[in-house]
Amino acid sequence: MFSKILIANRGEIACRVIKTARRMGIATVAVYSDADARAPFVRMADEALHIGPAPASESYLIADKIIAACKQTGAEAVHPGYGFLSERASFVEALEKEGIAFVGPPPGAIAAMGDKIESKKLAKEAGVNVVPGFVGEIRDTEHAVEISNGIGYPVMMKASAGGGGKGMRLAYDEKDVREGFESVKREGLNSFGDDRVFIEKFIENPRHIEIQVLGDKHGNIVYLNERECSIQRRHQKVVEEAPSPFVTPAMRKAMGEQCVALAKAVGYHSAGTVELIVSGADTTGESFYFLEMNTRLQVEHPVTEAITGVDLVEQMIRVAYGEKLGFTQNDVTIDGWAIENRVYAEDPYRGFLPSTGRLVRYQPPVEGWTDDGEANGRRGIDGVRIDDGVFEGGEVSMFYDPMIAKLITWAPTREEAADLQIEALDAFRIEGLGHNIDFLSAIMQHPRFRSGELTTGFIAEEYPEGFAGAAASDELKRALAAVGGAIATADADRARRIEGQLDPALAAPGDWSVTIDGTDYAVSLEEAAITVDGEPVELEMEYTPGARLLEVALYNAGSDEDAEPVEKLGLQLEPTRTGYAITTRGARHVLRILPAHVAHLAQHMIEKVPPDLSKLLICPMPGLLVALHVQEGEEVQPGQPLATVEAMKMENILRAEKQATVAKINAAQGDSLAVDAVILELE
């Protein structure tokens with residue numbers, strides 16, 4: 001076995017590889033940029049080498065620096081993780097010339113599958129179902145329009161070398177093609193150095209299902225079941241689960257066998273994933289089509305590990321060393337259900353804009369995952385696993401992917417795994433930047449998710465006006481009102497015990513008026529009971545003034561002392577001027593808590609009116625102004641593109657919201673913009 005390997009990556013995947021290598025007795029080398037000098041993966045590795053400035057193009061993407069680091073440290077192999085150099089055939093060839101092993105597939109397979117046009121041809125030759133489309137060279141926009149009209153709308157335009165949701169546009173008509181084709185070419189060129197584009201039929205009501213394959217260098221290839229990855233935003237996966245609630249055993253076998261045939265056709269070894277687009281309207285399961293093959297480890301690999309017990313990182317290392325697979329297809333089973341949510345530094349309340357900055361507070365629900373070598377250990381602590389690469393006080397940089405952590409839950413059933421997700425998300429505390437925890441919790445509670453009726457349009461269809469927090473039931477609001485009254489009494493009781501704050505002879509108030517989302521609740525605390533609007537609410541909690549996390553158990557009214565709670569809530573508390581903001585179950589609820597005898601005076605507390613920003617085009621995220629589409633004095637119409645801002649290697653078109661005239665332009669093409677920077681003014 002290798003004695004030392006280098007991890008050519010960063011963040012959580014670097015930590016993940018280091019943990020398994022350590023268990024296998026393999027020394028590890030980390031490489032890091034300026035931005036990652038204090039990152040956990042750097043401290044975790046046995047050795048660490050600085051390889052350049054923060055931009056990946058000057059550090060992690062430079063193959064020569066990785067090879068030099070291998071030579072300097074004596075690393076015998078390189079694990080690329082995902083992203084960066086993981087799917088670059090030239091990098092593998094360069095390693096082979098230096099006698100350094102690559103923990104991944106052969107360069108020929110990477111090249112064949114990395115080109116979306118060539119990979120579709122190979123898939124078709126291997127007997128794999130492919131989506132109707134045009135896989136030749138597209139000359140220009142007019143040619144793209146001609147092709148799209150011939151295929152029939154809707155169509156998807158994709159950068160041939162694309163991946164990770166970049167370089168993709170959906171077109172429902174000729175106007176969309178004309179507007180988006182050049183943008184796809186630019187994204188492909190900027191992100192991948194290749195501006196070729198292909199066009200294919202867009203499958204409506206599609207499900208995104210992928211098959212995990214694993215092969216050795218001796219011709220043995222198996223498939224490790226499927227993952228459902230249909231819940232996506234801008235073609236980026238948000239939720240993944242294994243198995244899929246849609247796939248039957250017959251579908252699984254048909255999909256798996258076709259994917260193995262494709263892998264064999266390109267001489268594949270190591271871990272890889274074949275992505276399929278599946279028609280959710282066809283219950284026969286026959287309408288599945290090849291989308292692409294990712295010749296690397298996937299972000300969502302932990303859900304496959306949880307249901308199969310197979311450590312994919314360990315298997316990749318063993319295969320790279322030349323070992324045979326220690327199991328066959330008949331040994332692959334499905335045990336329970338696993339769900340992964342990607343916790344991102346993005347603000348769902350502001351249209352999911354990237355939110356970089358410092359993690360002032362970072363407290364995951366359980367300790368980070370450790371590799372003990374046991375199959376059950378891959379399920380984390382009591383079914384909850386955290387894969388992360390950040391730390392409290394650290395920074396989520398604008399230079400890299402904004403993922404903070406992966407939250408994986410495992411349980412015997414899908415419903416139980418989703419319930420575990422909700423509980424864990426309630427206990428996940430992040431402060432200092434925007435994050436999508438509320439949004440993830442809302443998805444886990446959504447009736448459509450619970451029913452398993454998923455498509456890649458789930459988010460756009462269920463949140464067409466954006467996300468404003470998960471809906472709260474009347475029962476939940478009543479419970480929060482009771483909690484608000486209880487903590488207000490506890491705070492007042494503590495205040496009267498501190499000299500100089502309140503007269504100690506006074507008893508803490510027990511009657512409160514609690515306002516939640518515009519509704520007033522009369523809360524009364526007695527010696528052994530709490531009532532809300534005269535109705536009893538039975539709960540159990542331990543609150544210490546100043547606490548920011550609170551666990552609450554709710555019971556049916558009149559329950560026996562030995563009764564089990566009907567629901568457990570994890571609450572995050574944030575003091576406000578007149579009460580508390582309580583975050584739980586996918587939403588933030590602001591509670592105004594006033595003593596009952598003064599609550600009527602609240603009508604005299606005038607709310608400040610926010611300023612009118614409708615006449616300003618404001619940059620919604622830090623980014624690069626790549627294009628200005630208007631000039632001063634030009635009249636614009638609703639929906640007309642005004643500017644294009646690139647952030648996280650993706651282009652965002654900013655449009656006019658109403659008819660107006662451009663009065664003043666404050667930025668120039670090529671400028672780096674801060675969040676909320678005023679690009680132009682309208683009148």
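Residues numbered from 1 in each chain as written. Predicted model: local features only at pLDDT ≥ 70, side-chain atom pairs only at ≥ 80, totals over all residues. Heavy atoms only, no water.

A. Main features of the overall build of the chain. A count of helices and strands for the chain gives 16 helices and 42 strands. For the chain, whose C-alpha radius of gyration is 27 Å, the value lies close to the compact-globule estimate of 26 Å for 683 residues. Based on the C-alpha atoms only, the size of the chain along its principal axes is roughly 85 × 65 × 55 Å. Put simply, the chain has 683 residues, and 55% of those count as buried. The contacts in the chain between residues at least 6 apart in sequence include a share of 64% that link residues at least 24 apart. Accessible area of the chain: about 29300 Å², with a carbon and sulfur share of 48%. Charge-centre separation for the chain: the mean point of 67 positive side chains lies 5 Å from the mean point of 106 negative side chains. (Helix = DSSP H or I, 4+ residues; strand = E, 2+ residues; numbered from the N terminus. Rg over C-alpha atoms; globule rule 2.2 N^0.38 Å. Buried < 20%, exposed > 50% of the residue type's maximum accessible area, 1.4 Å probe, protein only. Contact = heavy atoms within 4.5 Å. Areas by Shrake-Rupley, 256 points an atom, 1.4 Å probe, with all protein chains shown as cover. Lys, Arg positive; Asp, Glu negative; His and termini not counted. Charge placed at Lys NZ, Arg CZ, Asp CG, Glu CD.)

B. Focus on the side chain of Gln-421. Position of Gln-421 relative to the elements: it lies in helix H12 (residues 414–426). The exposure class of Gln-421 is buried, given its relative accessible area of 0%. For Gln-421, the side chain forms a polar contact with the main-chain oxygen of Leu-407, separated by 3.1 Å. Discounting chain neighbours no more than four positions away, the residues touching Gln-421 are Ile-339, Glu-340, Asn-341, Leu-407, Ile-408, Thr-409 and Met-444. (Polar contact = N/O pair within 3.5 Å; in protein donor to acceptor, adjacent residues only side chain to side chain.)

C. Representation of unusual backbone geometry in the model. Between Tyr-153 and the following residue, Pro-154, the backbone shows a cis peptide bond with an omega angle of 0 degrees. Tracing the backbone shows Pro-154 in the loop between helix H7 (141–151) and strand E7 (155–163). Pro-243 follows Ala-242 through a cis peptide bond whose omega is -5 degrees. With respect to the helices and strands, Pro-243 occurs in the loop between strand E14 (239–242) and helix H9 (249–265). Despite not being glycine, Asp-533 shows a phi value in the positive range, around 55 degrees. Checked against the element boundaries, Asp-533 lands in the loop between strand E28 (530–532) and strand E29 (535–536). Judged by relative accessible area, which is 43%, Asp-533 ranks as partly exposed.

D. Region of the structure containing the environment of Ala-75. Take Ala-75: it is sitting in the loop between helix H3 (63–73) and strand E4 (77–79). Spatially, the C-alpha atoms of Ala-75 and Thr-28 are 8.0 Å apart, while their sequence positions differ by 47 residues. Once residues lying within four places of it in the same chain are set aside, the contact partners of Ala-75 are Lys-4, Ile-5, Leu-6, Cys-70 and Ile-100.

E. Spotlight on the pattern of salt bridges. Inspection of every chain in the model, using the stated rule, returns 50 salt bridges. Here Glu-200 and Lys-120 are joined by a salt bridge, their closest N and O atoms 3.0 Å apart. A residue pair is termed long-range when its members are at least 10 positions apart, and Glu-200 in strand E9 (residues 197–201) and Lys-120 in helix H6 (residues 116–125) qualify at 80 residues. Comparing Glu-200 with Lys-120, the two get one shared label, buried. With a shortest N-O distance of 3.9 Å, Lys-175 and Glu-179 are connected by a salt bridge. Residue Lys-175 and its partner Glu-179 are both found in helix H8 (residues 174–192); the two are separated by four residues, about one turn of the helix. Looking at Lys-175, the relative accessible area reads 57%, which means it is exposed. We classify Glu-179 as partly exposed; its relative accessible area is 31%. (Salt bridge = Lys/Arg side-chain N within 4 Å of Asp/Glu carboxyl O.)

F. Spotlight on the sheet that holds strand E38 (residues 641–647). Read across the open sheet, the four strands follow the order E39-E38-E36-E41; overall the sheet is antiparallel. The sheet is open, and its two edges are formed by strand E39 (650–655) and strand E41 (672–673), each paired on a single side. Against the sheet, H8 engages E38 and E39, with an angle of about 145 degrees to E39. (Pairing = 2+ DSSP bridges. Axes fitted to C-alpha atoms, helices over the stretch in contact; angles between N-to-C directions.)

G. Here's a closer look at the pairing of strand E10 (residues 206–215). Counting buried positions over the ten residues of E10 gives ten, a clear majority of the element. Of the two faces of E10, the one lined by Pro-206, His-208, Glu-210, Gln-212 and Leu-214 and the one lined by Arg-207, Ile-209, Ile-211, Val-213 and Gly-215 are each fully buried. Pairing between E10 and strand E11 (residues 221–228): six bridges, direction antiparallel. Note that in E11 the partner of Gly-215 across the bridge is Ile-221.

H. Looking closely at a negative patch on the surface. Negative charge collects at one region of the surface, where Glu-137, Asp-140, Glu-182 and Asp-195 lie side by side. Mapping Asp-140 onto the fold places it in the loop between strand E6 (133–134) and H7. Under the relative-accessibility criterion, Asp-140 is labelled partly exposed at 36%. (Patch = residues over 30% accessible without salt bridge, like charges linked within 9 Å, V, L, I, M, F, W, Y side chains within 5 Å.)

I. The arrangement of the packing of aromatic side chains in detail. Summed over all chains, the structure comprises twelve aromatic pairs. Note on Phe-352 and Phe-439: the rings are 4.8 Å apart at their centroids and 75 degrees apart in plane angle, and the pair reads as edge-to-face. Here the residue Phe-352 occupies a position in the loop between strand E18 (346–347) and strand E19 (353–354), and Phe-439 occupies one in helix H13 (residues 437–445), the gap between them amounting to 87 residues. Ring geometry for Phe-439 against Tyr-463: centres 5.3 Å apart, planes inclined by 65 degrees, an arrangement best described as edge-to-face. Linking Phe-439 in helix H13 with Tyr-463 in the loop between helix H15 (458–462) and helix H16 (474–497), this pair joins segments that are 24 residues apart in sequence. (Phe/Tyr/Trp six-rings, centres within 6.5 Å; stacked < 30°, edge-to-face > 60°.)

J. Broad picture of the sheet that holds strand E30 (residues 538–541). Pairing is antiparallel in the open sheet, where nine strands are placed in the order E29-E28-E27-E26-E34-E33-E32-E31-E30. Two strands close off the open sheet at either side, each with one partner strand: E29 and E30. Alignment of strand E26 (residues 511–516) against strand E27 (residues 519–525), held across six bridges, turns out to be antiparallel. The partner of Ser-513 across the bridge, within E27, is Ala-522. The sheet contacts of H16 involve E26, E27, E28, E29, E30, strand E31 (549–555), strand E32 (567–576), strand E33 (579–584) and strand E34 (587–595), and relative to E27 the element is tilted by about 50 degrees.

K. Structural detail: the pairing of strand E16 (residues 288–294). In terms of burial, E16 is largely enclosed, as six of its seven residues are buried. As paired strands, strand E15 (residues 270–279) and E16 are joined by six bridges and run antiparallel to one another. Across the sheet, residue Ile-277 finds its bridge partner in E16, namely Tyr-289.

L. A look at the nonpolar core. The biggest cluster of nonpolar side chains holds 64 residues, and the ones touching the most others in it are Leu-6, Phe-41, Ile-66, Val-78 and Phe-91. The residues touching Phe-41, leaving out its near neighbours within four places in the chain, are Asn-9, Arg-10, Gly-11, Ala-14, Cys-15, Ile-18, Ala-30, Val-31, Tyr-32, Asp-36 and Tyr-60. Listed in part, the 41 residues of the second largest apolar core include Val-239, Ile-386, Phe-428 and Phe-467. (Core = buried A, V, L, I, M, F, W, Y, C linked by side-chain atoms within 4.5 Å.)

M. Structural view of the packing of H3 against helix H4 (residues 89–97). At a minimum axis separation of 10 Å, H3 and H4 run at an interaxial angle of 30 degrees. Judged by the inter-axis angle, H3 sits roughly parallel to H4. Crossing angle aside, the handedness with which H3 passes H4 is right-handed. Two secondary-structure elements touch here, H3 through Ala-63, Ile-66 and Ile-67 and H4 through Phe-91, Ala-94 and Leu-95. Of the residues in the contact of H3 with H4, the class split is six nonpolar, no polar and no charged. (Parallel < 35°, antiparallel > 145°, perpendicular 65-115°, else oblique. Left-handed = near helix turned anticlockwise from the far one by under 90°. Nonpolar A, V, L, I, M, F, W, Y, C, P; charged D, E, K, R; others polar.)

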